Amino acid sequence: MHSDYRGRFAPSPTGPLHFGSLVTAVASYLEARTRNGAWLVRIEDLDPLRESQEATSAILRSLEAHLLNWDETVRYQSARHDAYAETIDRLVATQNAYSCICSRKELNAHQGRHPHHCRDRRPNSAADGLPAAARFRLDDQTIKWHDRLLGPQSQTLRGEIDDPVIQRKEGFYAYQLAVVVDDIDQQITDIVRGSDLLETTASQICLYRAIAAVPPDYLHIPVILNTDGQKLSKQTHAAALDDRKPGQNLWQALFALGQQPPSALFTAPPAETLAWAETHWTPSQLPLAPAQQQDSTPDSPGSPVV
């Protein structure tokens, strides 16, 4: 029997999973399992120009190799365009979204203000031959919420300047819209993700409210850095996970998450490591600062520097 807890791991298929992705996956997985909840996997394939089916397959294989087994069917955002379009129509009808024909260069030149006065246009009036993005309308306000690791959070939003794109001029739906629409539809109650996404939370909370939905609870974990102090990502050429070493990878992920796994588990099968982790998972031990990945060997487990 599952509790009401519903979490998810939602990678973008722009490449295989790297160590930073695994750390986030492990944290979200353990949160769900230790709270007797459901753990879902969603593929955020919103940009076909940057993504591939090969990357999607590699991601799912890596999760399976590390025994991070998901509940329910994997969701693909590329199959959800109708839901996103319907939500934008609702937001436009309630004056919570508008068409924007301003270029990035124009917005930068006007300190984020819209030289074409897009927020004042009538719905669909931007269809004057110029490509238009859809933007979510924010008000000047301060949004407060509680993060389960970082504590009370507060972010001041500026109307017009901070209005996020929810559909790009090329027609692709944006992360800010899709993540909220799918989290609502899949009844996600708790989001565990990297702290690099903390700054998106306030505008997403506003979007939840505009759709008349209750925002989930948030837990933002530290990102993993490379030796140059950069976040591990595809853009910084993070190495793909070696699926032949799932037990060692899981040990390193748990150490980066401050869980202090016994050194004897470094060479243990992944099932044994996960069993220990589910018994000993302690969110209060999560570090507040980013961790740096280091090389390791079976004889001498490397410890990420926190």
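These lines cover the structure that appears in this document, whether it is placed above or below.

Scoring rules and cut-offs
Residues numbered from 1 in each chain as written. Predicted model: local features only at pLDDT ≥ 70, side-chain atom pairs only at ≥ 80, totals over all residues. Heavy atoms only, no water. Axes fitted to C-alpha atoms, helices over the stretch in contact; angles between N-to-C directions. Helix = DSSP H or I, 4+ residues; strand = E, 2+ residues; numbered from the N terminus. Parallel < 35°, antiparallel > 145°, perpendicular 65-115°, else oblique. Contact = heavy atoms within 4.5 Å. Nonpolar A, V, L, I, M, F, W, Y, C, P; charged D, E, K, R; others polar. Pairing = 2+ DSSP bridges. Core = buried A, V, L, I, M, F, W, Y, C linked by side-chain atoms within 4.5 Å. Buried < 20%, exposed > 50% of the residue type's maximum accessible area, 1.4 Å probe, protein only. Salt bridge = Lys/Arg side-chain N within 4 Å of Asp/Glu carboxyl O.

**Quick notes on the packing of helix α3 (residues 81-93) against helix α5 (residues 175-185)**
No. 1: Running from N to C, α3 and α5 cross one another at 100 degrees; their axes reach a closest spacing of 10 Å. Viewed along their axes, α3 and α5 adopt a mutual orientation that is roughly perpendicular. For the pair formed by α3 and α5, the contact residues are A83, Y84, T87, I88 and L91 on the first element and L177, A178, V181 and D182 on the second.
No. 2: Split by residue class, the contact of α3 with α5 holds seven nonpolar, one polar and one charged.

**Structural notes on the sheet that holds strand β2 (residues 38-43)**
No. 1: The three strands lie next to each other as β1-β2-β3, forming an open sheet whose pairing is parallel. Each end of this open sheet is capped by a strand with a single partner; those strands are β1 (6-9) and β3 (75-76).
No. 2: Pairing of β1 with β2, which is carried by four bridges, proceeds in the parallel orientation. Along β2, the bridge assignment pairs R6 with A38.
No. 3: Sheet strands touched by helix α1 (residues 19-34): β1 and β2. Its angle to β2, the strand with the most contacts, is close to 145 degrees.
No. 4: Sheet strands in contact with helix α2 (residues 53-65) are β1, β2 and β3, and its direction is about 160 degrees off that of β2.

**Describing the nonpolar core**
No. 1: Membership of the largest hydrophobic core comes to 40 residues, with the highest contact counts inside it found for V23, V26, W39, L63, L68, I221 and L257.
No. 2: Elements with a minimum of two residues in this core: α1, β2, α2, β10 (217-221), α7 (246-256) and α8 (270-280).
No. 3: Listed in part, the 32 residues of the second largest apolar core include A38, I88, Y173 and V181.

**Examining the pattern of salt bridges**
If the charged atoms of two oppositely charged side chains come close together, the side chains can form a pair.
No. 1: Taken as a whole and assessed by the stated rule, the structure comprises 18 salt bridges.
No. 2: D71 is the salt-bridge partner of R33, the closest N and O atoms lying 3.0 Å from each other. Of this pair, R33 sits in helix α1 while D71 sits in the loop between α2 and β3, and the two are 38 residues apart along the sequence.
No. 3: Via salt bridges that share partners, R8, R42, E44 and D183 belong to a single interconnected network.

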